[in-house]
Structures are given as C-alpha cells and as structure tokens.
Protein chains: 4
Amino acid sequence: VAASMVQAPRTGTLDFGSRNSIADVKGVSVGHATLGDGWVQTGVTVVRPHPGDLYREPLPAASVVLNGFGKTIGLVQLDELGLLESPIALTNTFAVGTMATAMIRHAIAANPSIGRRSATLNPVVAECNDGWLNDLQAFAIHERHYAMAFDAATADFAQGSVGAGRGMSCFELKGGIGSASRVSSDGENVVGTLVLANFGKLSQLTLCGVPLGRALADSATASEAEHGSIIVVLATDAALEHRQLRRLGLRAAAGIARTGSNFGHGSGDIVITFSTAERLARGARPPNARRTTRDETLDPLFDAAAEATEQGIVNALFAAETVEGYAGHVRRAIAERVPDWRARLARAEGP
Amino acid sequence: VAASMVQAPRTGTLDFGSRNSIADVKGVSVGHATLGDGWVQTGVTVVRPHPGDLYREPLPAASVVLNGFGKTIGLVQLDELGLLESPIALTNTFAVGTMATAMIRHAIAANPSIGRRSATLNPVVAECNDGWLNDLQAFAIHERHYAMAFDAATADFAQGSVGAGRGMSCFELKGGIGSASRVSSDGENVVGTLVLANFGKLSQLTLCGVPLGRALADSATASEAEHGSIIVVLATDAALEHRQLRRLGLRAAAGIARTGSNFGHGSGDIVITFSTAERLARGARPPNARRTTRDETLDPLFDAAAEATEQGIVNALFAAETVEGYAGHVRRAIAERVPDWRARLARAEGP
Amino acid sequence: VAASMVQAPRTGTLDFGSRNSIADVKGVSVGHATLGDGWVQTGVTVVRPHPGDLYREPLPAASVVLNGFGKTIGLVQLDELGLLESPIALTNTFAVGTMATAMIRHAIAANPSIGRRSATLNPVVAECNDGWLNDLQAFAIHERHYAMAFDAATADFAQGSVGAGRGMSCFELKGGIGSASRVSSDGENVVGTLVLANFGKLSQLTLCGVPLGRALADSATASEAEHGSIIVVLATDAALEHRQLRRLGLRAAAGIARTGSNFGHGSGDIVITFSTAERLARGARPPNARRTTRDETLDPLFDAAAEATEQGIVNALFAAETVEGYAGHVRRAIAERVPDWRARLARAEGP
Amino acid sequence: VAASMVQAPRTGTLDFGSRNSIADVKGVSVGHATLGDGWVQTGVTVVRPHPGDLYREPLPAASVVLNGFGKTIGLVQLDELGLLESPIALTNTFAVGTMATAMIRHAIAANPSIGRRSATLNPVVAECNDGWLNDLQAFAIHERHYAMAFDAATADFAQGSVGAGRGMSCFELKGGIGSASRVSSDGENVVGTLVLANFGKLSQLTLCGVPLGRALADSATASEAEHGSIIVVLATDAALEHRQLRRLGLRAAAGIARTGSNFGHGSGDIVITFSTAERLARGARPPNARRTTRDETLDPLFDAAAEATEQGIVNALFAAETVEGYAGHVRRAIAERVPDWRARLARAEGP
C-alpha cells in the first residue's frame, strides 16, 4: 500500500502534514476489519476522532448531505446537538444496522449506565453500496467486526481496498479508503479527510484537472449507471462551532467535483465533519467559555478542506488494489487499467 | 382497549373517519409485536402504508424533524427522493439497527434481486427511549419481531401499551401507541395519524386546552427531566408532492404543542408523512402525469393534521394500561393516576 | 394602551420581568412610526437589539421559518453567519424594499466606509400584509420612517395598533404589536418576545386554552381565508450559539399553536432570534473564548420562549384599538367584539 | 461582444443549443440596463422566464444557497411554495430594495388588484457587490431601471460588462454576465444558465481544468481577499417538481468548483432554478394532473447543469470588457490581462 501511495499524483498547492492523512489531525486514528474471501469482499472502517471515549467526551460535529441517496445512521441527532458522541463506522449498505447495534453494546461495555441511568448512545454509521464486488446478501458483516476495526485503529492505517473500502468502486476503477491532509495557508490549522470512495463514471474521471476519463471511456463500452456513493469524514483541529463545521463540510463538494463527479442521482454524497479542538465533557458543569474561530478567517480552512478531499479521493484510487469478487466481477486498480496514466498527466502539464 | 378508547376526550371540531384511526386512510394497516415480561416491556409496531410491496410500489413521503434528539433511520434518503419504499417500523432506541436489518432481509425474501441486480432498500425505522419501564440492555427485540408485527397488520389494531408503545411514558403517565383521523373540512380528504407518545412532563399535561398537569404536579414530587420523544406518522389520501408533505408534517407541531409540550431538549420529535393517492412503480416508464393538489387548498388538510395529531396523543394516553417493568418501575394509566379527570375537564368546559 | 394591557389575560405560569416585554432583555428597545390617516393605516416598528451600532457590534442570531409565505429580507446571510448586524425593521409587505434601502443609508451615515472600504450591510426586514385596513398601493412608507422609528426606540414602547401593527389583523380582530417576557424557571435568564400579529381565523381563536373562537364564529359569517402572517422577534440574555438560537426559535411554534393557529398556508410565520449575552466586534481579533450554554440546560429557556410568544400574541390582541381604514374596512378590538371575554374565560377556569 | 464570445474556450463535452445561452430554454429572455459613467459602473439584469406575466402564470422553482453571504430577496417564499411569480432581477448590493419596490409597482400596473383584492407579489432579486468598480454610495440604480431592463429583454442578449455585470469582478479579472446551455445527453431536454460572476481569487482561476491562476498569481501581488459572490440562474424545459429543482440547482456547485472556487466565506453563492415545462395559472382550478420526471432520469440534467454553469462563468470572463470605475480602479478583461491564455491552455491539452 505504501508503495502505491507514493505514486499518487498530488492535487493542489497547499502543504500537508507528515502523514498526508486524517491522522495529521492530532488524536485521530483509523482501523479496519477487512473481509476478502471469494464472493465476500467487504469490511468495516472505524474513525476514532480521539483516543478517549466519545460518549464521555463528545466533539463538536456537523453533517452536510450533498446528495441523500444513502442510508447513514445518526445524522439527525448529530446536527440537532452539534455533537459526535461515538466513533464513525463505515461499512456496506446492508451492515449499517449491525454496526449501530455493535456500537451501542461497545459503549455499554465501557459505560454500564447507558440506557439505564444515563442517556442512550447516538451511533454514527455511514455506508456505500459494494454490491458489485461483494455479495451483499451474504450479510457477512457481524457485530464483532466493529470491535476488530476499533481495536485496530492507528495513525498509520492502510488505504485502498481495505476495511469498508474492500469492495468499493470509483469511476469504474477500484476505489475504497483514501485519506489526505492539508495545512491551512496561514499555517495555523490542519484539515484531514478520510473518504470511502465508491462513486463516479469512468468517462468523468478527472485527475489534477486532466479529464483522463473521456479518452478511456471512448475506447471502452458505455459507462455504467452510477449507483455509488462517497462518504467524506473531515476532521480539523480548528475550534469551530456547528454552523462553521457545516460551512467547512460543504467545501468537500468542491473536492469531489474536481475529480469529475456531478453528484449523481444514485450516489449518497455525505460529509461528516468534526473538530478536535476541545473535548466536551458529558454531564460536567458548563465551561465558562469555549475557544472560537472568526468566520472571517475560515477561507484557509475551506481551501484545505476542498483540496484534502480531492487528494483523499485520488489516494483511494491509487492505493486500491485490483479485487475480484461477487459473481466473478473484477474491478481493476487504476495503474492496471490505465498503465500510462503518468504520461497522460505529464502531457497535460506541459514542458 | 376498546373500552378505554371510548372514554378518551375528543379534541377539536373536525369530523373523523369510521375508525378514528390512521386506518381511515384507505389501505393503511398497523401491526404490533409486544414483549411484556418482567423487566422487558417493549415491542415493535409496523405501519404498512398500503397492502402491497413498498419496494416495488413506493409512495410520496417526507419527514419533518422538530427536535432531532432521536435515532431514526432512513430519513436522509426519504427526503432526497421524496419516497417511502418500506413500511415504517417503530421500536425502542436500542433496536433500530436490528429492525433495519430485519426489514432488508424481509424485502429480499420478496425481491431476491435487491442488492444484486436491483437497488438496495432504504428501511425507515423510528424509535423512542422506553428505558424507564424496559431494560434496554436486555436487547430483547430480535429480527423476527419485525415479521411478527408486519404479519399482524390490520385496520383494527390495538392502541396504548402495545407494540413499540409497550414501555413508553407520556407526561409521566403511561403512554404508547395512539391513532386518530380527521376529515378535511371540505370533505375531500382524510388525514390519519399514528403516534408513538413518549414525551412530556406531568406539569405540562394539557387536555382539550385544560392545563390539568399544573394541579397534579403541584401535589406530587418534582417533574422528571424530559428524555422522551414522539414519533408522528401522518398519512393522507390527498395527492401531495414532497414539498407539500413537509408542509403538512409541520402541522403536527401544533397538535403536539396543544398537549402541553414545548418540544423538550431531550425529546426526539419527528414526523413522517406519506400520501397514498398514487402508488409509484419502480423501474416503470415515467407516468405521463401525476395528480396534484394546489397549495391554496391545503388549509383544511393542515387543520386535520394538527387536530388528528393532538387526538392521537390523547388516545395514546387513554388507551394505555398501567405497566410495571424494569427495576420495579411503574407507570400508571391516566385514568388510574387522575381518576377525576372527567370532572376536571367538565369543570373547564362550563355549564 | 397601558390600560388595556392591564386587562390582558395571563398565559402560562412562569414569572415575567418588570415590564413583561422584550425590553426586559437588557438593552433591547423598540420604536414606532405610525401612519393612521384615512385609507393609510400602516407603519414601521424597529427593534434595536442593543443601544449601540449593530454593524460595528453584531449579535449572535438565527431564524426559523415555520411557514415561508412571507417576504422577509436578510435571513439568508443571518443564518449563514449566525449574525445580526442591523436592527430589525417590521413593516407592511410593500415597504420591505424601502426599509432595506433606508437601513443601508442609515448605517452609512454612521459608518461612511460601508460599501467602499468595508463590508456592506445585511439589513433585516420582516413584514405582514396589512392590505385589509391599509391601502398598500399608496406606498405610504418612506425611507424617513425608518429613522423616525429608530429614533423613537425606548424600553417603554406602546403596543397594539401602533407602528407596523397599525393595520394588522389577528383572528379577524384587531391585531398588531405585542410583547412579553418570561424568566426561565431556573431564574438565570430572561426571554422576551415582540410579535407582529396578523394571522388566524376567528373560529380558531384560543385564549388560555379556551377555544373562544368556536362560539364566536358560529354566530357570525364564515371565517375569512387566512392571508396573514406572524413575525416573532425573540431575544434572550443567555449565551447561545446559532444552532441553539434556532432551537430556541422553534419553540415560538408552540406559543403560536396555543392561540389556535395551525400555521395557515397563506401565513408567513417567521421567527428571528438573537442573544444579547455578548456583543461581537467587527474586525477585531478573535476573542480567545466565548461564553456558552449547555444544551442540557435549554429546557427552561424553551418553556420561556413558548410562553412569552403566546403572551405576546395575547397582548397584541388586548392592546390593539379598533381601526377603520382602507375602503371603510373596520377591524374591532377584542374587548369591543367580545365584550364578555372575561366571563367566557372565567367560566372555563371553573370555581 | 459576439467577437469575444467566439474565443471563449469550451468546457465539457455536451452539446449546446443554437445560442449556447439560457435563451435556448424556449421562452426565456434577458434584458439589461447598464450604467457606465465615471465612478458609476453598475446596472440591472432581468431574466424573464417566459414572455407572459409571471404573477398570473408562475413557474415551478427552487433555490439552493451554497454560501449565504448574500442579500437576495424572495427565496423564503419561493421555496415554501415552490413557485416563481416574478421575473428575476439581478443588481448591486445596495439596489435590491429599490428593485423589489420597482417590481411590485410593475406588477400592479399589469394587475391592479395586487395587494387589494388579490395576493401580494413575491419579487425575486439577487445581487453581487460591485463596490470595487462602482461607487455603491451613489445609489445610482433607480426604480425605472427595472422597466428598462425588462423592456429590453430578448433572446439575443449581450454578456460580460453589461447590466448587473457592469461593475463585477471575477478571479480579480473583469467578470459580469455570462450564459450558456447544454443539451442533456439523452437529447430530451436543455438546461440553460445565466450567471452574475463576481467571485474568486486570481490564484484559483482554472480554465478547462488548467490552473492558469497559479502562475499568474505568482507573478503578481498577493491575491485580494474574496468578497464577491455568484448568482446562478438555472432554467430547464424538463418538468421538475420543487425537490427535483433543488437537486438540479445543487449541481451548479460542481460547475463553480471547476473554475477554481471553494465557495469563499465572503461570497454569496446562490442558485435559483426554474422549470418552463408548464405554466401554472393563479386562481385556476387545480390541473387534474401535471407532467413529471422520474428521478432515475435526472443524471443527464445534472451533468448539463454542472457543465452549463462552468461554461457560463467562462463566458462571463471572456465576454467582459475592461472597465475603469470608482476611485480609478481598473479591472481588466482576461484577454488583456492574460494575452497568452490560448497558448497556456493549448499546452495543457498536449499535442
């Protein structure tokens, strides 16, 4: 994986953190449980926004639904309270219910009063449809896979055909998990993204502004109808309130658009954004004051969010290995399907 | 149950249908699976919007989130597409994931191509927290309870401490499932509601405009903090598009408010609205035309929605039997807790 | 006016401030410019959220659109930035443009760099349709009326048929400007409302839970179709962020509903909420921290908002004097139209 | 203008209509009133959605607020009712109130009962801040300019530094009015856009995927802070309901993003969308049925909306002539500021 990451083309101009991943936002870690066996090509990815217990120490959070053809769980309460009180689990469309239940049990194990003497948990689960490579009807994801992914969380996580990304497709190429970071141009904050990329038609594929997909699709059969999705998890260490996190999350749209997508009808394009600037404490007395950020200073964060999202998608494409799965379907890695991608990009950049 | 229903005071002035329930909207039926055993006092209620297969023949639908402290599943896609493609399942907070999975399996059994050659299902599940009477940590709801409730669906369904309403509390009295209908004043349409009533502080309780709760709460201990919820399912036979269904759903707020609630912070107050005027057909060629309703004629429907919602809540209170459950907690029926309720109301109505 | 205020029935149970008006939120003042001459019965009311210059020191603010049949100006930016940077002007439907221009000129007079070296102003203007008593086509409101109302602002302002309320009708009675306050039950904060009440059918009128309008409408001609509106300005001294101010604003819906309205199709029911806890400073360095309020403590504020809104509407009805205007139309004060209102209410409250 | 239009680079791959403008949507016309005199460089542009009277025959419409730092008028009611009942006027930030009043008077002249015996008008006005080239404090726009622009409406309208676009800047180049159209790939419908382009930093400028601005900004002084805006008016002849028009409008975000913008904090990025498929008739009996479009067939329209928006912005840049205005400020046409733009693009496209 590391090898393929190296070769992914770089989007934009902003600096990135030492890992060029969401883990450049201090405290964020990611874990996978990957199931790759014959017709079962699926998994679970868990984003842990901080190393502690989110139920006890929730974070300010918000969501943006760009196109709501998706089955996320937890966004209604997340936006009403502006709080994320669980890790974020990503998985396939048929496994969201199982993940929600697993997350509740997991939280109870650490907080035995949940649902008895203290409030219930609002688990946040998002999904994409991996049914082309994965036999959804196998219902292969079980509750235990949540803990596996949770326990595996690390700042140095794999990308591509892993975890929830195992069976995902992007621009009719192999997609999956991608991550990136960008430092705001004022140097004050970092924005990190983790995407579950499962969207797009090949004819639309655009890399660094170059519409690679047009030529590719010309020489191939007609593009498939889009029935994918993209989930963008966007983290920042800036101190933002709910309204500002929504504003930030919208900028993921720019990153997605630059890879060629017009937010297809059948694609659940959903952004979940959180700030790690301050852990809130359940049940504690109100803080006398909280750090804030002026809206006038948000542009560097907006630019970082857009660019990190675009890079995250590109990284997903370049990290993903070819996978064969359900009914013998094969989804090829971009470097295998477009071996001369480097020449095609170089030509566009000129001498 | 029928006996207690008779005595429920009547709210408002509009006529109602023959059943004074959501089943007065032709084709709608409701089924329960009730678990009442010791510390387990919970269940599942399924609203079937028409007798057919919702996946094959979805209905126009919309949701309104009045206060989003709740864990519904399915609203994002329901509002993006303006479609309800599953029955609506109501249950306790910890069982939403299990219900979602059960609904997917149930739909696959009838439509084996789901998730393989045809689109996935967007199950719609809503919940309230019955943790005072029910041991949530027992995780007593299993997938089979969905089919039990679905199969039990009938136009002549029970109300009160049944199905998802088994363990619910309302104004610190026993709450649960209530239903009502109202005919629009122009006689052209009917609006039916089914509520899962689990909200409110006793001190707020208002019946037919009479603030009964003030006196009751004076003589009792301090009101508990509200951590309930109310789900309102609102059906109509009028031909409404998504935008109009949202407008209609908002009027449930008036009905809730008139029972005394101010939409408490901890209450997930959520409305799901659908129209039975026309079944849409998945995959079929577009209809050349669809029936529509002019916004200028919506007021009679708005009045019906508000009044039916208020009546539905009142019916839940009066249909509900006393239940003892988790940790020996007891929630009393209104007629037991306020035996002179009739006199209190009569006095207010004057000679 | 003071005389009629005394007799207005009291809604709810919470304490109110010394003025029982929005001016109980410290710093808030209100001014009117009233035009009452023959067919011209209209005016302007200005709410000044603090005595300073809002452009230089904006306040956290939010809006809630319950029913958007209205022509407010300024809400898009108010909600994007969560800021109120102008007073709030209320007037008739045809005068919103004139008010917006007047407010820009007024702000430039105090801040000559506006639109040149510094940002433009986002004026906030809301309206109701007073076309039954006022000849809208006279376009009687001019820019100077803004300054007149602004300069007249005081904590001891008149209510009823004054300012923007001059030509308004409410429940087919004379309506207009009403104001009230409530202290949160924890004693920590005050919520004040100012309403421009121009909505409702007589048959719906409900006072303190008593459906007075039913009997009145029976003995009269058929109710008119509703084409009114209500604007609710809701102020609090609690330190709330934008998301919380939206939550607070929604509770005005409960107050409106309890007066009998179901948010009629033709009624622009719009709430604008602001917090006076902290004046923000344009262009200043970011504050290191801002005071905040925990959502768990919002219920007392929610209750205060609902009750103050209901009382504000009742106060509008009882403060308003009979007005004759356009085409000889007459709208009667409630005490004139329903002289025995006191007996009707008393009967309902019982011995 | 025609000359400069010829040279504008072509974005995307879809066919366009005979005019490559919003007037390819049959019935749509556009008129300008342009004020260019010394420090006054501003104007009014009116989009007439059909040649008739919009008050009598409104159209289905919707709006999408991508970034709400803007002072539009009319969107609240437009989205509540899903109706556009006036032409759309574009102008500068200080003139929105004047335009609203002018539009009301204009509608009354044709419909003398407005505000007396029939409903008021909801005028729709959008704006950008042209304060760099235009002395906003001159308040140079008067009511008569609305009628001038309205009367000048034609299918063969000018673009660039005309009408509301006279004083606008885009990517620190001369911007203004641009228009384009795209035919959906299924050949069934056309989507047309008219933009008022006043946004972007030079360093971000991207043409046809080529990040031209990076090099330009390197060799220049630091980019200015963004305080612009973009208004996108999006028309289609497809029969879409309000929810679908919102979905369509969101796709303008992709077009904007591809020109380099990340929806800057200070930019009011607002989309207004309407369908000309069917004129509705005020006060008429409800149609028995209306034509509809299945969501499954929307992707070709989405692609057309994104591409036409991008092209509209490019056309605005290439049609706009250099303008000198307020305080001697000069904004140069792209061909003047980047004379070798053609070579820069060609290099990127390779041999």
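Source: prediction; values computed, not measured. (Residues numbered from 1 in each chain as written. Chains lettered and ligands numbered in written order. Predicted model: local features only at pLDDT ≥ 70, side-chain atom pairs only at ≥ 80, totals over all residues. Heavy atoms only, no water.)

### Quick word on the overall build of chain A
Of the regular secondary structure elements, chain A holds ten helices and 14 strands. Its C-alpha atoms give chain A a radius of gyration of 19 Å, within 12% of the compact-globule value 20 Å for 351 residues. The C-alpha extent of chain A, read off along each of the three principal axes, is 65 × 50 × 35 Å. The buried share of chain A, reckoned over its 351 residues, is 69%. When the accessible surface of chain A is summed, it comes to about 10,600 Å², and 49% of that surface belongs to carbon and sulfur atoms. (Helix = DSSP H or I, 4+ residues; strand = E, 2+ residues; numbered from the N terminus. Rg over C-alpha atoms; globule rule 2.2 N^0.38 Å. Buried < 20%, exposed > 50% of the residue type's maximum accessible area, 1.4 Å probe, protein only. Areas by Shrake-Rupley, 256 points an atom, 1.4 Å probe, with all protein chains shown as cover.)

### Details of the sheet that holds strand S12 (residues 268-275) of chain C
All names here are of chain C. Sheet architecture is open: six strands sit in the order S4-S3-S12-S11-S10-S9, paired in mixed fashion. Of all the strands in the sheet, the pair left with one neighbour each is strand S4 (83-84) and strand S9 (176-183). With two bridges connecting them, strand S3 (residues 59-68) and S4 associate as antiparallel partners. Paired with leucine 59 across the strands is leucine 84, a residue of S4. Contacts between helix H6 (residues 242-250) and the sheet are confined to S3, strand S11 (229-236) and S12, with S3 contributing the most and set at about 40 degrees to the helix. (Pairing = 2+ DSSP bridges. Contact = heavy atoms within 4.5 Å. Axes fitted to C-alpha atoms, helices over the stretch in contact; angles between N-to-C directions.)

### Section: the environment of B:Ala89
All names here are of chain B. Residue position: alanine 89 is located in strand S5 (residues 88-92). For alanine 89, a relative accessible area of 0% gives the class buried. Residues alanine 89 and methionine 103, 14 residues apart in the sequence, show an inter-C-alpha distance of 8.6 Å. With near-sequence residues (within four places) excluded, alanine 89 lies in contact with Thr45, Met99, Met103, Val124, Val125, Ala126 and Tyr146.

### Description of the relation of the copies chain D and chain C
When chain D is fitted to chain C, the residual RMSD is 0.0 Å, and the transformation amounts to a turn of 180 degrees plus an axial shift of 0.0 Å. Both copies of the chain, as the preceding transformation shows, are related through a two-fold rotation axis. Distance from the rotation axis, computed per C-alpha, reaches its smallest value in chain D at D:Gly97: 1.8 Å. Comparing interface residues between copies, 100% of those in chain D also lie at the interface in chain C; the contact surface is shared. (Least-squares fit on C-alpha atoms with pLDDT ≥ 70 in both.)

### Describing the relation of the copies chain B and chain A
Note: a rotation about an axis with an accompanying shift along it relates these two copies of the chain. The two copies are related by a screw operation: chain B maps onto chain A through 180 degrees of rotation and 0.0 Å of translation along the axis, at an RMSD of 0.0 Å. In this assembly the copies share their binding face: 100% of the residues contributing to the interface of chain B also contribute to that of chain A.

### Quick look at the interface of chain D and chain C
Opposite the 38 residues of chain D that make contact, chain C presents 38 residues. Both faces combined, the contact of chain D with chain C buries some 3,400 Å², and carbon together with sulfur accounts for 58% of it. Three residues, D:Val76, D:Arg116 and D:Gln137, lead the burial of chain D against chain C; their summed loss comes to 18% of the area buried on that side. Seen at the junction of chain D and chain C, the total is two salt bridges. Salt-bridge contacts for D:Arg116 lead to C:Asp135; the nearest nitrogen and oxygen are separated by 2.8 Å. Counting the contacts that link chain D with chain C gives 19 residue pairs in polar contact (both at pLDDT 80 or more). Secondary structure elements with two or more residues in the side of chain D that touches chain C: strand S3 (59-68), helix H2 (75-81) and helix H3 (96-110) of chain D. (Buried area = accessible area lost by both parts, 1.4 Å probe. Salt bridge = Lys/Arg side-chain N within 4 Å of Asp/Glu carboxyl O. Polar contact = N/O pair within 3.5 Å; in protein donor to acceptor, adjacent residues only side chain to side chain.)

### Re the packing of aromatic side chains
Tallied over the entire structure, the rule returns 20 aromatic pairs over all chains. Seen from their ring centres, B:Phe94 and B:Phe139 are 5.3 Å apart, and the 25 degrees between their planes marks the pair as stacked. With B:Phe94 in the loop between S5 and helix H3 (96-110) and B:Phe139 in the loop between strand S6 (124-128) and helix H4 (144-151), the pair connects residues that are 45 residues apart, well separated along the chain. Consider the rings of B:Tyr146 and B:Phe150, whose centres lie 5.9 Å apart with planes at 40 degrees: the pair is tilted. Of this pair, B:Tyr146 and B:Phe150 both sit in helix H4, four residues apart, roughly one helical turn. Here the two residues B:Tyr146 and B:Phe150 agree in accessibility, since each one is buried. Looking at A:Arg251, its charged tip hangs above the ring of A:Phe302, at a distance of 3.8 Å from the centre. (Phe/Tyr/Trp six-rings, centres within 6.5 Å; stacked < 30°, edge-to-face > 60°. Lys NZ or Arg CZ within 6 Å of the ring centre and 35° of its normal.)

### Side note on the interface of chain B and chain A
The interface is formed by 38 residues belonging to chain B together with 38 residues belonging to chain A. Summing both partners gives a buried area of about 3,400 Å² for chain B against chain A, and 58% of it is carried by carbon and sulfur. Sorting the residues of chain B by area buried against chain A places B:Val76, B:Arg116 and B:Gln137 first, and these three jointly supply 18% of that buried surface. Scanning the region where chain B abuts chain A turns up two salt bridges.

### Considering the pairing of strand S5 (residues 88-92) of chain A
Residues and elements named next belong to chain A. For S5, the buried fraction is high: five of the five residues fall into the buried class. As defined by bridge partners, strand S2 (residues 40-48) adjoins S5 across three bridges and the pair is classed as antiparallel. Bridge pairing in S5 places threonine 45 opposite leucine 90. In the sheet, S5 pairs with strand S6 (residues 124-128) via five bridges, with the strands oriented parallel. Considered in S6, the bridge of leucine 90 is made with alanine 126. This β-α-β element, S5 to helix H3 (residues 96-110) to S6, shows right-handed connectivity. (Right-handed = clockwise from strand over helix to strand, strands pointing away.)

### Examining the packing of helix H3 (residues 96-110) of chain C against H3(D)
Following both chains from N to C, one finds H3(C) and H3(D) inclined at 160 degrees, their axes separated by 7 Å at the closest point. With respect to each other, H3(C) and H3(D) are oriented roughly antiparallel. Helix-helix and strand crossings are classified by hand; for H3(C) and H3(D) the assignment is left-handed. Two secondary-structure elements touch here, H3(C) through C:Gly97, C:Thr98 and C:Thr101 and H3(D) through D:Gly97, D:Thr98 and D:Thr101. Its residues placed into classes, the contact of H3(C) with H3(D) shows no nonpolar, six polar and no charged. (Parallel < 35°, antiparallel > 145°, perpendicular 65-115°, else oblique. Left-handed = near helix turned anticlockwise from the far one by under 90°. Nonpolar A, V, L, I, M, F, W, Y, C, P; charged D, E, K, R; others polar.)

### Here's the deal with the side chain of C:Glu172
Residues and elements named next belong to chain C. Looking at where glutamate 172 falls in the secondary structure, it is placed in the loop between strand S7 (169-170) and strand S8 (173-174). Despite being buried, glutamate 172 has no salt bridge partner; arginine 331 is the closest side chain of opposite charge, sitting 5.3 Å away. One polar contact links the side chain of glutamate 172 to the main-chain amide nitrogen of leucine 202, over a distance of 3.0 Å. (Lys, Arg positive; Asp, Glu negative; His and termini not counted.)

### Remarks on the pairing of strand S3 (residues 59-68) of chain A
All names here are of chain A. A large share of S3 lies buried, amounting to nine of its ten residues. Sheet topology note: the S3/strand S12 (residues 268-275) ladder contains seven bridges and is antiparallel. Paired with valine 65 across the strands is isoleucine 270, a residue of S12.

### As for the sheet that holds S2(A)
All names here are of chain A. Strand order in the open sheet formed by four strands is S1-S2-S5-S6, with mixed pairing between adjacent strands. Each end of this open sheet is capped by a strand with a single partner; those strands are strand S1 (29-37) and S6. With strand direction ignored, the average angle separating the axes of adjacent strands in the sheet is 15 degrees. Both S1 and S2 contribute to a ladder of nine bridges, which runs antiparallel. Residue pairing across strands places threonine 34 opposite glycine 43, the latter belonging to S2. Along the sheet, H3 makes contact with S2, S5 and S6, crossing S6 at roughly 155 degrees.

### Section: the packing of H3(D) against helix H4 (residues 144-151) of chain D
Residues and elements named next belong to chain D. The contact between H3 and H4 brings their axes to 8 Å, and the two run at 65 degrees. For the pair H3 and H4, the crossing hand works out as right-handed. Here H3 contributes Met99, Ala102, Met103 and His106 to the contact with H4, which in turn contributes Tyr146, Ala147 and Phe150. Of the residues contributing to the contact of H3 with H4, the split by class is six nonpolar, one polar and no charged.

### Concerning helix H6 (residues 242-250) of chain B
The element H6(B) is extensively covered by neighbouring structure, given that eight of its nine residues are classed as buried. When H6(B) is considered as a whole, its buried residues turn out to be B:His242, B:Arg243, B:Gln244, B:Leu245, B:Arg247, B:Leu248, B:Gly249 and B:Leu250.

### Section: the confidence of the model for chain A
Looking at chain A, the pLDDT average stands at 93 and 93% of residues meet or exceed 70. Predicted confidence for residues 1-6 of chain A stays below pLDDT 50, and this span has nine contacts to residues more than four positions away or in other chains. (pLDDT = per-residue confidence, 0-100.)

### Some points on the side chain of C:Ser275
Residues and elements named next belong to chain C. Its place among the elements puts serine 275 in strand S12. With a relative accessible area of 1%, serine 275 lands in the buried category. Only 2.6 Å separates the side chain of serine 275 from the backbone oxygen of alanine 238, close enough to count as a polar contact. Once residues within four sequence positions are removed from consideration, serine 275 is found in contact with Leu59, Pro60, Thr236, Ala238, Ala239, Leu240 and Leu245.

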